[in-house]
Amino acid sequence: MTTRRDALKHSAVVAGLLAATGLFPTLARASWTKSAFDARSIADAVKAYGAGAAPAESKDVTLTAPDIAENGAVVPMGVATTLPNVKHLLLLVEKNPSALVAKFDVSDAVEANFLTRAKMGQSSDVYAVAITADGKALFAKKEVKVTLGGCGG
Amino acid sequence: MADPMRIRAQAQGDKALVRVLMSHEMETGQRKDAAGKVIPAWHITEVAAALNGKPVLAAEWGPAVAKNPFLQFTLKGAKAGDKVAITWKDNHGDTRTDEATIS
């Protein structure tokens, strides 16, 4: 009997082989902005989404994150803004191997307010960035400490 | 094929709060297995939402989104009975769509 676990393992192996031989279907990830997710710094990631000027701090952008995250594997964080004409909202963790966590496109039908959970490699500044339609980048930041012990303290 | 998403969509006045829990490994590509080999990256890259078939949200995710990702957002102008569909796609080209009715 093939269990789900086996099936998942198997598909992971196949995809790994495909990736290794360069046969991976590039079409599947065509619209994913690789340059932004490869960027090591906040500024580079923001630039990849068409922000012209350097990011400026703004109180109109809200970052929701805990002061202390007991488990770096699951850190709840959210980004929201009251600014008009915002195109993208970004969540970034400065000291992660690649800074960008997630990008959300804002449309007329959704509020500029998203919550998700992210992974953090170590204690770091977390940034919420709003990129407006005219290429301005505005951010809010907060330091989040990651407890290694697991049981708090 | 991945497990179904759990979607809760609740009407709040003329808005609807949507909460989604996806089932995905979200392997970063940074970790190594017992033999010291890098475990290849396997994570959701794109997430999209549609209200009654009309696209309302697009998102791009990196490997730093936590395992079994959670997403919460608010839809404007949505009412009870409307249908919310969530689609994700991962870097292996696997994709899944689930639908929920706003209550």
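Rules of the game
Residues numbered from 1 in each chain as written. Chains lettered and ligands numbered in written order. Predicted model: local features only at pLDDT ≥ 70, side-chain atom pairs only at ≥ 80, totals over all residues. Heavy atoms only, no water. Helix = DSSP H or I, 4+ residues; strand = E, 2+ residues; numbered from the N terminus. Buried < 20%, exposed > 50% of the residue type's maximum accessible area, 1.4 Å probe, protein only. Contact = heavy atoms within 4.5 Å. Areas by Shrake-Rupley, 256 points an atom, 1.4 Å probe, with all protein chains shown as cover. UniProt positions renumbered as here; feature names shortened; annotations may be inferred. Polar contact = N/O pair within 3.5 Å; in protein donor to acceptor, adjacent residues only side chain to side chain. Salt bridge = Lys/Arg side-chain N within 4 Å of Asp/Glu carboxyl O. Core = buried A, V, L, I, M, F, W, Y, C linked by side-chain atoms within 4.5 Å. Buried area = accessible area lost by both parts, 1.4 Å probe. Nonpolar A, V, L, I, M, F, W, Y, C, P; charged D, E, K, R; others polar. Pairing = 2+ DSSP bridges. Phe/Tyr/Trp six-rings, centres within 6.5 Å; stacked < 30°, edge-to-face > 60°.

**Student:** Which residues make up the overall build of chain A, and what values go with them?
**Tutor:** Counting its regular elements, chain A contains 3 helices and 9 strands. Of the regular secondary structure in chain A, the N- to C-terminal order runs α-α-α-β-β-β-β-β-β-β-β-β. Split into buried and exposed, the 153 residues of chain A put 43% on the buried side. Sequence separation of at least 24 residues holds for 61% of the intrachain contacts in chain A that already meet a minimum separation of 6. Total accessible area on chain A is roughly 8000 Å²; 56% of this is exposed by carbon and sulfur atoms.

**Student:** Provide a residue-level description of the UniProt feature "domain: Sulphur oxidation protein SoxZ" (unreviewed entry) in chain B, including the pertinent values.
**Tutor:** Mapped onto this structure's residue numbering, the UniProt feature "domain: Sulphur oxidation protein SoxZ" (unreviewed entry) falls at residues 7-100 of chain B. As annotated, residues 7-100 of chain B comprises 0% helix and 53% strand, and the C-alpha atoms at either end are separated by 6 Å.

**Student:** Could you give me a rundown of the side chain of Asp 98 of chain B, with the residues and numbers involved?
**Tutor:** Residue and element names in this part refer to chain B. Examined against the element boundaries, Asp 98 turns out to sit in strand E7 (residues 95-101). Judged by relative accessible area, which is 13%, Asp 98 ranks as buried. A polar contact is formed between the side chain of Asp 98 and the backbone nitrogen of Met 5, at a distance of 3.0 Å.

**Student:** Could you give me a rundown of the pattern of salt bridges, with the residues and numbers involved?
**Tutor:** Inspection of every chain in the model, using the stated rule, returns 11 salt bridges over all chains. Of the charged contacts, one joins Asp 105 of chain A and Lys 103 of chain A as a salt bridge, the two residues approaching to 3.0 Å between their closest N and O atoms. The class of Asp 105 of chain A is partly exposed, set by a relative accessible area of 21%. Residue classification places Lys 103 of chain A among the buried positions, given a relative accessible area of 4%. Lys 79 of chain B is the salt-bridge partner of Asp 82 of chain B, the closest N and O atoms lying 3.4 Å from each other. Assessed through its relative accessible area of 7%, Asp 82 of chain B is described here as buried. For Lys 79 of chain B, a relative accessible area of 52% translates into the label exposed. Overlapping salt bridges, with partners in common, bring together Lys 103 and Asp 105 of chain A together with Glu 60 of chain B in one network.

**Student:** I'd love a proper account of the nonpolar core, names of residues and values included.
**Tutor:** Counting residues in hydrophobic clusters, the biggest one holds 55 residues, and the most contacted among them are Met 22, Trp 61, Phe 73, Leu 75 and Ile 86 of chain B. Beyond its immediate stretch of four places on either side in the chain, Ile 86 of chain B contacts Met 5, Ile 7, Val 20, Met 22, Val 47, Ala 48, Ala 49, Phe 73, Arg 96, Thr 97 and Asp 98 of chain B. In terms of nonpolar packing, the next biggest core, distinct from the first, is built from 18 residues, Ala 39, Val 46, Leu 92 and Phe 139 of chain A among them.

**Student:** How would you sum up the interface of chain A and chain B? Please name residues and give values.
**Tutor:** The extent of an interface is frequently quoted as the accessible surface area lost upon association of the parts. On the side of chain B, 36 residues touch chain A, which itself brings 35 residues to the contact. For the chain A and chain B pair, buried surface summed over both sides reaches about 3100 Å², with 54% attributable to carbon and sulfur atoms. Across the chain A-chain B interface, the total number found is 2 salt bridges. Salt-bridge contacts for Lys 103 of chain A lead to Glu 60 of chain B; the nearest nitrogen and oxygen are separated by 3.3 Å. At the boundary of chain A with chain B, the tally comes to 15 residue pairs in polar contact (both at pLDDT 80 or more). Elements with a contribution of two residues or more to the side of chain A that touches chain B: helix H1 (4-21), strand E6 (100-105) and strand E7 (110-118) of chain A. Sort the elements by how many residues they give to the side of chain A that touches chain B and E7 of chain A lands first, with 8 residues. Counted by class, the side of chain A that touches chain B contains 20 nonpolar, 7 polar and 8 charged residues. Both E7 of chain A and strand E5 (residues 70-76) of chain B contribute to a ladder of 4 bridges, which runs antiparallel. Its bridge partner lying in E5 of chain B, Val 110 of chain A is registered against Leu 75 of chain B.

**Student:** For the packing of aromatic side chains, give the residues involved together with the corresponding values.
**Tutor:** All names here are of chain A. The tally for this structure, following the rule as stated, stands at 2 aromatic pairs over all chains. Between Phe 104 and Phe 114, the ring centres sit 4.5 Å apart and the planes meet at 10°, which makes this aromatic pair stacked. Within this pair, whereas Phe 104 is found in strand E6, its partner Phe 114 is found in strand E7, the two being separated by 10 residues in sequence. Exposure class is identical for Phe 104 and Phe 114. Each is buried. Centre to centre, the rings of Tyr 127 and Phe 139 are 5.4 Å apart; their planes meet at 55°, and the pair counts as tilted. Pair noted here: Tyr 127 is in strand E8 (residues 124-132) and Phe 139 is in strand E9 (residues 137-146), with a separation of 12 residues, a long-range link. By relative accessible area, Phe 139 is classed as buried at 12%.

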